[in-house]
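# An overview of the molecular structure
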Amino acid sequence: MKATAKAHVNIALIKYWGKKDIELNLPLTSSLSFTLDKFYTKTTVHYKKELIEDQLYIDQRYITGPEYERVTKYLSKIRQMYNIPYYAMIESENYVPKKAGVASSSSAFAALALAATRAYGIDLSEKELSSLARLGSGSAARSIYGGFAFWNEGYDHLSSYAEPFNGFEDMAVLVCMVDDREKKISSRDAMLELTKNEENKNDWIENTNDFIEQIKEAFINDDFDTVGGIAESHAMLMHYYMQEDGIDYLTDQSFKIIDLTEKLRGQGFPVYATMDAGPNVKILTKKEYIKDVIGSYEKLAKVTVCYKGEGAKIIW
Ligand code: DP6
């Protein structure tokens, strides 16, 4: 009745922003991501007959309050779906700064979905696991897979899942850490604002669907510059809508990194910036160019060089 799972963080090239169903975490659009090797979560779920409620430890700290509520509510859904009669002791370790816009909920809920099912001997397909992880956090649907993943928006629980997507084997991401403190507004709360404005919501859906068509074609043509360009434009578009809703995640330091990226591109290097719900900037590039560009980024931020990470797996 015990299992430990490991899942890696993913970074979206086409972002998930806004939901058509809050309870089921059904997104407004499909999205596309790349799973990173350096940032991950390890989670142990141990069902115990004697427990009268779940117990949660994150990074050796005993957790209560909203963070606990979110996890216990999620586990209760899993208990109900698979007839699991026990509460659990959950221990999670994050090898990633929490809530700093490096998408730690993606690795956290992917690892939790896998550990919580396997601990009770339930062996789900990757597709089922992806849908289950999505119920915990939308972006977690994509962390079930290594490398690139495409999350089909779907229209109900089982049709909204991610699957592996063929992409560049030599992809690299420079995670430029501007600030690793917890962000002020969670992506969960911030993205609800978009759906309050019908016109912005519809524009976002329409634009994102166009970007998806274009990026898929660029992948088929093995055209890294177009893929990177679309990813950067889509991130900018998301931040535009965030600002429309009065939410500003980017700082002067983020903009310095974005400006540097444009400058390096002018010098012929294939570097593209993408940002999530925080000030940190992730640079999409290819392995062979890292040595040429890393020094410039290191002058502005703490940089972690990431490559393709593995999909979620059981380690014990
Ligand atoms: C900006 O997956 O954290 O990182 O489904 O409410 O848990 P919930 O949201 P979450 O949002 C991630 C938003 C994003 C973009 C992305 O990863 O696609």
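Here goes a summary of the coordinates provided.

The rules we used
- Residues numbered from 1 in each chain as written.
- Predicted model: local features only at pLDDT ≥ 70, side-chain atom pairs only at ≥ 80, totals over all residues.
- Helix = DSSP H or I, 4+ residues; strand = E, 2+ residues; numbered from the N terminus.
- Rg over C-alpha atoms; globule rule 2.2 N^0.38 Å.
- Buried ≥ 20, exposed ≤ 12 C-beta atoms within 10 Å, placed from the backbone.
- Contact = placed C-beta atoms within 7 Å.
- Near = placed C-beta within 6 Å.
- Nonpolar A, V, L, I, M, F, W, Y, C, P; charged D, E, K, R; others polar.
- Expected span 1.5 Å × (residues − 1).
- Axes fitted to C-alpha atoms, helices over the stretch in contact; angles between N-to-C directions.
- Parallel < 35°, antiparallel > 145°, perpendicular 65-115°, else oblique.
- Arc of directions from axis to C-beta.
- Pairing = 2+ DSSP bridges.
- Core = buried A, V, L, I, M, F, W, Y, C linked by C-beta atoms within 7 Å.

What follows covers the overall build of the protein chain. Summing up its helical and strand segments, the protein chain has eight helices and 14 strands in all. Rg of the C-alpha trace for the protein chain: 19 Å, near the compact-globule value of 20 Å for 316 residues, within the 12% margin. Within the span of the protein chain, comprising 316 residues, buried residues form 47% of the whole. Considering only residue pairs separated by 6 or more positions, the protein chain has 75% of its internal contacts joining residues 24 or more positions apart.

By nearness alone, 15 residues border the ligand, and Ala12, Tyr16, Ser137, Gly138 and Ser139 come closest of all. Grouping the constituent residues of the shell around the ligand by class yields five nonpolar, seven polar and three charged.

For helix α6 (residues 224-244), spanning 21 residues, the distance from its first C-alpha to its last is 30 Å, which sits close to the expected 30 Å at 1.5 Å a residue. Among the residues of α6, Val227, Gly228, Ile230, Ala231, Glu232, His234, Ala235, Met238, His239, Tyr241 and Met242 are the ones counted as buried. On its buried face, α6 is in contact with β1 (2-14), α4 (187-194), α5 (198-220), β11 (272-275) and β12 (281-286). One or two steps after α6, the chain reaches Gly246, where phi turns positive at roughly 75°.

This next bit is on the packing of α5 against α6. Between α5 and α6, whose axes approach to 9 Å, the crossing angle comes to 170°. Between α5 and α6, the angle is such that the two are roughly antiparallel. Contacts from Asn200, Trp204, Asn207, Thr208, Phe211, Gln214, Ile215, Ala218 and Phe219 of α5 reach α6 at Thr226, Val227, Ile230, His234, Leu237, Tyr241 and Glu244. Tallied by class, the residues present in the contact of α5 with α6 amount to nine nonpolar, six polar and one charged.

With 17 residues, helix α1 (residues 66-82) ought to run about 24 Å at 1.5 Å a step, and its terminal C-alpha atoms sit 24 Å apart, in line with that. Of the positions making up α1, those classed as buried are Val71, Tyr74, Leu75 and Ile78. The arc enclosing the buried residues of α1, seen along the axis, measures out at 95°, which places them on a common side. Turned more than 90 degrees from where α1 packs its buried face, Pro66, Glu69, Lys73 and Gln80 sit exposed. Of the surrounding secondary structure, the elements contacted by the buried residues of α1 are β5 (55-58), β7 (87-95), α2 (104-118) and α3 (126-136). Where α1 ends, the next residue or the one after it, Asn83, has phi of about 50°, a positive value.

The next point concerns unusual backbone geometry. In this structure, Asn25 takes a positive phi of about 55° despite not being glycine. For Asn25, the position within the fold is in the loop between β2 (19-21) and β3 (26-27). Looking at Asn25, the number of C-beta atoms within 10 Å reads 23, which means it is buried. The backbone of Asp222 sits at a positive phi, close to 55°, despite the residue not being glycine. Within the secondary structure, Asp222 sits in the loop between α5 and α6.

Let us look at the pairing of β5. Summarising the sheet, β5 and β7 pair through four bridges and their orientation is parallel. If you follow Leu56 over to β7, its bridge partner there is Ile90. Looking at chain direction, β5 and strand β6 (residues 61-62) are connected through two bridges and run antiparallel. Each residue of the ladder has a partner; that of Ile58, found in β6, is Arg61. Here β5 hands over to β6 after two residues, with Asp59 in that stretch at a positive phi of 50°.

Soluble globular proteins tend to pack their nonpolar side chains together in the buried interior. Core analysis: the biggest nonpolar cluster contains 93 residues, and Ala110, Ala113, Val173, Cys176 and Ile283 have the highest contact counts within it. In terms of residue count, the dominant contributor to this core is α2 (nine residues). For Ile283, the contacting residues outside a window of four places in its chain are Val173, Leu174, Cys176, Thr261, Val271, Tyr272, Ala273 and Tyr297.

With that settled, consider the sheet that holds strand β10 (residues 171-177). Read from one edge of the open sheet, four strands run β11-β12-β10-β13, paired in antiparallel fashion. Two strands lie at the open edges of the sheet, namely β11 and β13 (302-306), each paired on one side alone. Within the sheet, the average angular offset between the axes of one strand and its neighbour, ignoring direction, is 25°. Here β10 runs beside β12; their pairing, made up of six bridges, is antiparallel. The residue bridging Cys176 from the neighbouring strand is Val281, located in β12. On top of the sheet, α6 reaches β11 and β12; it is set at about 35° to β11, its chief contact. Packed on one face of the sheet, helix α7 (residues 252-266) meets β10, β11 and β12 and runs near 155° to β11.

To continue, consider the pairing of β12. The side chains of a regular strand alternate between both faces of the sheet. Summarising burial for β12: five of the six residues are buried, a large majority. Counting the residues in the hairpin turn of β11 and β12 gives five residues.

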